[in-house]
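Each chain, written out:
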Amino acid sequence: SAEARLIAELRTRFDVPESVQIALSADVVRASGIAPIDWLLSLDDAHEDAAPGISLDTSAVRVDLASLAAHLRERAGDDDAFAYDLGEQTLGIYGTASVATRDYLRTLIDRFSLAQHVDTSRLKVIDVQGLRELLERYRDFTLTFTSGTTLTAESAAALSGALPDLVRIVTLGSALPEPFVVRVTGFTDGRGRPALNEQLRTRRAQYVAERLIGAGADAEPIAVSAGSTPPEAVEDRTWRRVTITFE
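Residues numbered from 1 in each chain as written. Predicted model: local features only at pLDDT ≥ 70, side-chain atom pairs only at ≥ 80, totals over all residues. Heavy atoms only, no water.

A. Expanded view of the packing of helix H5 (residues 128–137) against helix H6 (residues 153–175). The contact between H5 and H6 brings their axes to 10 Å, and the two run at 130 degrees. Taken together, H5 and H6 sit at an angle that is classed as oblique. The way H5 lies across H6 gives a crossing that is left-handed. Along its contact with H5, which presents Leu131, Leu134, Leu135 and Arg137, the element H6 presents Asp165, Arg168, Ile169, Leu172 and Gly173. In the contact of H5 with H6, the residues fall into five nonpolar, one polar and three charged. (Axes fitted to C-alpha atoms, helices over the stretch in contact; angles between N-to-C directions. Helix = DSSP H or I, 4+ residues; strand = E, 2+ residues; numbered from the N terminus. Parallel < 35°, antiparallel > 145°, perpendicular 65-115°, else oblique. Left-handed = near helix turned anticlockwise from the far one by under 90°. Contact = heavy atoms within 4.5 Å. Nonpolar A, V, L, I, M, F, W, Y, C, P; charged D, E, K, R; others polar.)

B. Spatial organisation of the sheet that holds strand E4 (residues 81–86). Across the sheet, which stays open at both edges, the three strands sit in the order E4-E5-E6 with mixed pairing between neighbours. Because the sheet does not close on itself, it has two edges, and the strands there are E4 and strand E6 (118–126). Across the sheet, the axes of successive neighbouring strands diverge by a mean angle of 5 degrees, strand direction being ignored. Sheet analysis places strand E5 (residues 91–98) next to E6, joined by seven bridges and oriented parallel. (Pairing = 2+ DSSP bridges.)

C. Examining the side chain of Asp189 more closely. Mapped onto the fold, Asp189 is located in the loop between strand E9 (182–186) and helix H7 (194–214). Polar side-chain contacts of Asp189 include one of 3.2 Å to the backbone nitrogen of Arg191. A polar atom in the side chain of Asp189 sits 2.9 Å from the side chain of Arg240. (Polar contact = N/O pair within 3.5 Å; in protein donor to acceptor, adjacent residues only side chain to side chain.)

D. The arrangement of the sheet that holds strand E3 (residues 55–63) in detail. The sheet built from three strands is open, its strands ordered E1-E2-E3 with mixed pairing. Of all strands in the sheet, those bounded by a partner on one side alone are strand E1 (20–25) and E3. Here the strands of the sheet are splayed against their neighbours by 15 degrees on average, with no regard to which way each runs. Where helix H1 (residues 2–13) meets the sheet, its contacts fall on E1 and strand E2 (28–35), and the angle it forms with E1 comes to roughly 135 degrees.

E. Region of interest: the nonpolar core. If you look at the biggest cluster of nonpolar residues, it comprises 33 residues, and the most contacted ones within it are Val20, Leu68, Leu72 and Ile93. The residues contacting Leu72, other than those within four sequence positions of it, are Phe82, Ile93, Tyr104, Leu105 and Leu108. In terms of nonpolar packing, the next biggest core, distinct from the first, is built from 30 residues, Leu176, Ala209, Leu212 and Ala217 among them. (Core = buried A, V, L, I, M, F, W, Y, C linked by side-chain atoms within 4.5 Å. Buried < 20%, exposed > 50% of the residue type's maximum accessible area, 1.4 Å probe, protein only.)

F. Main features of the packing of aromatic side chains. In this structure the tally under the stated criterion is three aromatic pairs. Between Tyr138 and Phe141, the ring centres sit 5.4 Å apart and the planes meet at 80 degrees, which makes this aromatic pair edge-to-face. Side by side, Tyr138 and Phe141 carry an identical accessibility label, which is buried. Plain terms: the ring middles of Phe180 and Phe246 are 6.0 Å apart, the flat faces sit at 70 degrees to each other, and that makes the pair edge-to-face. Linking Phe180 in the loop between H6 and E9 with Phe246 in strand E11 (residues 241–246), this pair joins segments that are 66 residues apart in sequence. It is Arg241 that lies over the ring of Phe187; its NZ or CZ is 4.4 Å from the centre. (Phe/Tyr/Trp six-rings, centres within 6.5 Å; stacked < 30°, edge-to-face > 60°. Lys NZ or Arg CZ within 6 Å of the ring centre and 35° of its normal.)

None of the figures reported here should be taken as evidence of function without further support.
Okay, structure coming up:
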């Protein structure tokens, strides 16, 4: 019949999977069944190029969850480290994902009404771009001291202002697939006894580390260390410092 020929033409032209049934109703071809996500994504909203006045309604087509998982894995970037549990009716995604991947997944969930079939409650989202920007802003962050563990007024203000960003760096960095170390290194000038200077370098680094932890940073990725001393026993105040680096 003309109807059967039209359906066959549409099935061929749109490469309709065998798992999808199509039927002609007035001027709408209605599809139903289970289909791969890639096939659904390839369809335009209108299909009048296939047959004038005829459109394809896929609202009754359910996404094949295995193909959705494979599609997400294919799109995953270097910043994504997620895995999934695949059930008959539910795809559970867990691990870490970038904001871009999270937003793309949300788009698919909304577009294909997948809220009841995709569980993202165990998926941790990392703002990788935001983290990169923070790391660039605080590259080799340096604080100076007047004496002992007393910061200069300028550095005290700088540390107070930077603490929220530094805590965020520690938090985001800890969630990465390969977490980095936040190294806090103390220095002293060349005056005084070497043994006492060694202790002071560690105390300065410990002071800054404790400020970070007190502001909410996780202590585990923070490493405290004593830096080197100037080659000569001179009172060079620029050596009275602590640096924060990310390794």
